[in-house]
Amino acid sequence: MIKKIILFTKGIETLWFFSEQMGKTFELLGYEVFYFDQCKEYRSMSDLIGFCEPGVTAAISFNYDGCCGEDYFIDSEGVSFFDAREVVFINIVVDHPFYYHKFVPYLPKNYTQISIDREHEKYLKHFFPEIKRGPFMPLGGTSLWSKKTLPGWEDRPYDVVFAGNYNPPSIFEPAITRHGSEYAEFYYSIINDLIEHPWRSMDEVIIEHLNRDVEDVSEKGIKDAMPNMIFIDLYVRHYFRAEAVKAIADGGHKIYCFGSGWDSLKCAHPENIINGSVLDSLGCLQQISRSKISLNVMPWFKDGAHDRVFNSMLNGAVCLSDGSKYMDEILRDGKDYIKYDLAKLGELPEKITELLNDREKWESIAESGYARAAKGHTWADRARFLHSEILCKIQ
C-alpha cells in the first residue's frame, strides 16, 4: 500500500504549480509528501534517500521529470534510483507523446503513463504498446475563490483576456527548411492541411502525408519520423492562437494578452491588443479573475481539455474556447462555456459582443461554469482520482 509520494518542483513552472496543487490534496488524504527540488537536485537527492521506503513510495511526475535520464537518478551501472528503491513511478504527459520518444529508454520498471488526451492515449497504444498505460486523466484547474467570494461583473475591468505566449511563424522557419526545399514543401503540405482542416488530429494528418508522400515508408519509419516534426504542432498551435487574438482585436474588442511575443503579432488594429507582463501560474489566475471572458485556444487537444478551460471557469470568467470530443461530453455550449470553431474565427467578435451585451446571460454561464468545474475538474479532483484509481490498488 502506498503511503509516501514524491512530487517534482522547480522545473517548468506550470508543471511545478500542478504538482503543488495535487500535493495539498495528497497530504489531506494522509500521504506523506516529498517535494524534490530540481534546482537543488543533489541536496534534494540526499533527503530523498532518507524519505523513500521500498514498496510503499510512489513518484508522480509531469512530462518525464525524474525519468528523462538525469544523471543524479541513474547510478554508475545504469540502474534507476526508482528501481533500486522499489518506487512506483506515475508520469502524467501533458504534451503530445511524440515530444518524448527519446526518454523511453530511461523509464523505470514499475512505470505507468497517464495521457491527458485520448488521442495521445491512442498514439501511445499504437507506437509503444510495451508501455503500461494508466486511465485517461485530463488536466485540472485551480480556483482562487469560493463561490461566495468570486468577483462579479463590476469587479472585472477586462472584457477579454488570454493567458499564453505567442511565437510568430518565422521562428519555425529554420526547422522547416533545414533539409532543403523538398522537405520544406512536404512539411508545409502538412501544416496547410491542418490549417484548412483544424478538426483533424495531428497524428492522423502527419501519418496520412507520410504514407502518401514518402516512398516505401514502414511503420518503424513513421514512428521514427514523428519526433522530427514537433515543430508542426508548435507552428499550427501558435498560428491559431494568433488568428483568434487577431480576429478579436480586428473585430473591435480589446484583448489583454498576458505572455511574451504579442508585440510581434501583425494585425489591422494592434491598439486593441493590450500587452500584459509575462506571468507565473498564480499571476495568470489573478488576471483571469479580472476578466469577463477568458479565451482559450486548445494546443491541438482534440479529445481532452487544457487547464485554461477549467482555470477560466473556476475563476469566474466565461470560457470562450474551441472544442474537443471530451469537452462535448462534459460541458454544454452556451450553458457552461461558449464554444467557437477554429474554421470560423470570424464569428468570435459577434460571440463576444452578444455576451457582453447580455449581463444576465454572462452571469448564468459564469455561475454554471464555475459549478461544473468545481464539481470535478480541479487538481484536487485529479489527486483524488489518482488515489482511488491507481494508488489504492497497489499492494
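Residues numbered from 1 in each chain as written. Predicted model: local features only at pLDDT ≥ 70, side-chain atom pairs only at ≥ 80, totals over all residues. Heavy atoms only, no water.

K.L.:
What should I look at first to understand the sheet that holds strand 2 (residues 32-37) in this one?
P.N.:
Sheet strands line up and pair through hydrogen bonds in the backbone, either parallel or antiparallel. Strand order in this open sheet of five strands is 2-1-3-4-5, and the pairing throughout is parallel. Only two strands of the sheet have a single partner each, and these edge strands are strand 2 and strand 5 (111-115). Neighbour-to-neighbour, the strand axes of the sheet open up by a mean angle of 20 degrees, direction not taken into account. Summarising the sheet, strand 1 (residues 4-9) and strand 3 (residues 57-62) pair through four bridges and their orientation is parallel. In the sheet register, Ile5 faces strand 3, and the bridge partner there is Ala58. This element, helix 2 (residues 41-51), spans strand 1, strand 2 and strand 3 of the sheet and lies at about 155 degrees to strand 2. (Pairing = 2+ DSSP bridges. Helix = DSSP H or I, 4+ residues; strand = E, 2+ residues; numbered from the N terminus. Axes fitted to C-alpha atoms, helices over the stretch in contact; angles between N-to-C directions. Contact = heavy atoms within 4.5 Å.)

K.L.:
So what exactly am I meant to see when it comes to the packing of aromatic side chains here?
P.N.:
Within a pair of aromatic rings, the relevant descriptors are the distance that separates the centres and the angle that separates the planes. A complete count under the given rule lists 36 aromatic pairs for this structure. Judged by centre distance (5.6 Å) and plane angle (45 degrees), the ring pair of Tyr64 and Phe103 falls under tilted. With Tyr64 in the loop between strand 3 and helix 3 (81-84) and Phe103 in the loop between strand 4 (88-93) and strand 5, this pair connects stretches of sequence that are 39 residues apart. Of the residues examined, Phe103 reaches a relative accessible area of 15% and is grouped as buried. Both rings, one in Tyr239 and one in Phe240, keep their centres 5.1 Å apart while their planes meet at 90 degrees; by these two values the pair is edge-to-face. Owing to a relative accessible area of 26%, Tyr239 belongs among the partly exposed residues under this scheme. We classify Phe240 as buried; its relative accessible area is 4%. Of the aromatic side chains, those joined through ring pairs into one cluster are Phe8, Phe36, Tyr42, Tyr72, Phe73, Phe81, Phe82, Phe89 and Tyr111. Between the NZ or CZ atom of Lys4 and the centre of the ring of Phe51, over which it lies, the distance is 4.9 Å. When the ring centre of Trp300 is taken as origin, the NZ or CZ atom of Lys302, which lies over that ring, is 4.0 Å away. (Phe/Tyr/Trp six-rings, centres within 6.5 Å; stacked < 30°, edge-to-face > 60°. Buried < 20%, exposed > 50% of the residue type's maximum accessible area, 1.4 Å probe, protein only. Lys NZ or Arg CZ within 6 Å of the ring centre and 35° of its normal.)

K.L.:
When you look at helix 2 in this model, what are you seeing that I'm missing?
P.N.:
Since the α-helix advances by 3.6 residues per turn, residues separated by three or four positions end up pointing in the same direction. Residues of helix 2 that are buried: Ser44, Met45, Leu48 and Phe51. Seen from one end, helix 2 has its buried residues packed into an arc of 120 degrees, which puts them on one side. Exposed residues lying more than 90 degrees from the buried face of helix 2 are Tyr42, Arg43 and Gly50. Looking at the packing, one finds that the buried side of helix 2 touches strand 1, strand 2, strand 3 and helix 3. (Arc of directions from axis to C-beta.)

K.L.:
Looking at this structure, I do not really get empty space enclosed by the protein. What am I missing?
P.N.:
Which parts of space are left empty comes out when a probe the size of a water molecule is rolled across the atoms. Applying the stated criterion to the full structure yields three cavities of 30 Å³ or more. In this structure, the largest cavity spans a volume of roughly 90 Å³. In this structure, the largest cavity is lined by 14 residues; those nearest its centre are His96, His120, Met202, Asp203 and Trp300. Tallied by class, residues from the lining of the largest cavity come to four nonpolar, three polar and seven charged. By volume, the second largest cavity amounts to about 50 Å³. Lining the second largest cavity we find Gly66, Cys67, Cys68, Gly69, Glu70, Phe73, Ile74, Ser80, Phe82, Tyr106 and Pro108. Looking at the lining of the second largest cavity, its residues break down into seven nonpolar, three polar and one charged. (1 Å grid on protein atoms, 1.4 Å probe; cavity = no way out; pocket = protein on both sides within 12 Å on 5 of 7 lines; lining within 4 Å. Points joined across faces, edges and corners; volume = space filled by probe spheres on them. Nonpolar A, V, L, I, M, F, W, Y, C, P; charged D, E, K, R; others polar.)

K.L.:
Please clarify how the side chain of Asp95 should be interpreted in this entry.
P.N.:
With respect to the secondary-structure elements, Asp95 resides in the loop between strand 4 and strand 5. For the buried Asp95, no salt bridge exists, and the shortest N-O distance to an oppositely charged side chain is 4.4 Å, to Arg237. Within the local environment of Asp95, its side chain forms a polar contact with the side chain of Asn63, the two groups lying 2.9 Å apart. Within the structure, the side chain of Asp95 is placed 2.7 Å from the side chain of Tyr100, a separation counted as a polar contact. Sequence-distant contacts of Asp95, defined by excluding residues within four places in its chain, comprise Asn63, Tyr100, His120 and Arg237. (Lys, Arg positive; Asp, Glu negative; His and termini not counted. Salt bridge = Lys/Arg side-chain N within 4 Å of Asp/Glu carboxyl O. Polar contact = N/O pair within 3.5 Å; in protein donor to acceptor, adjacent residues only side chain to side chain.)

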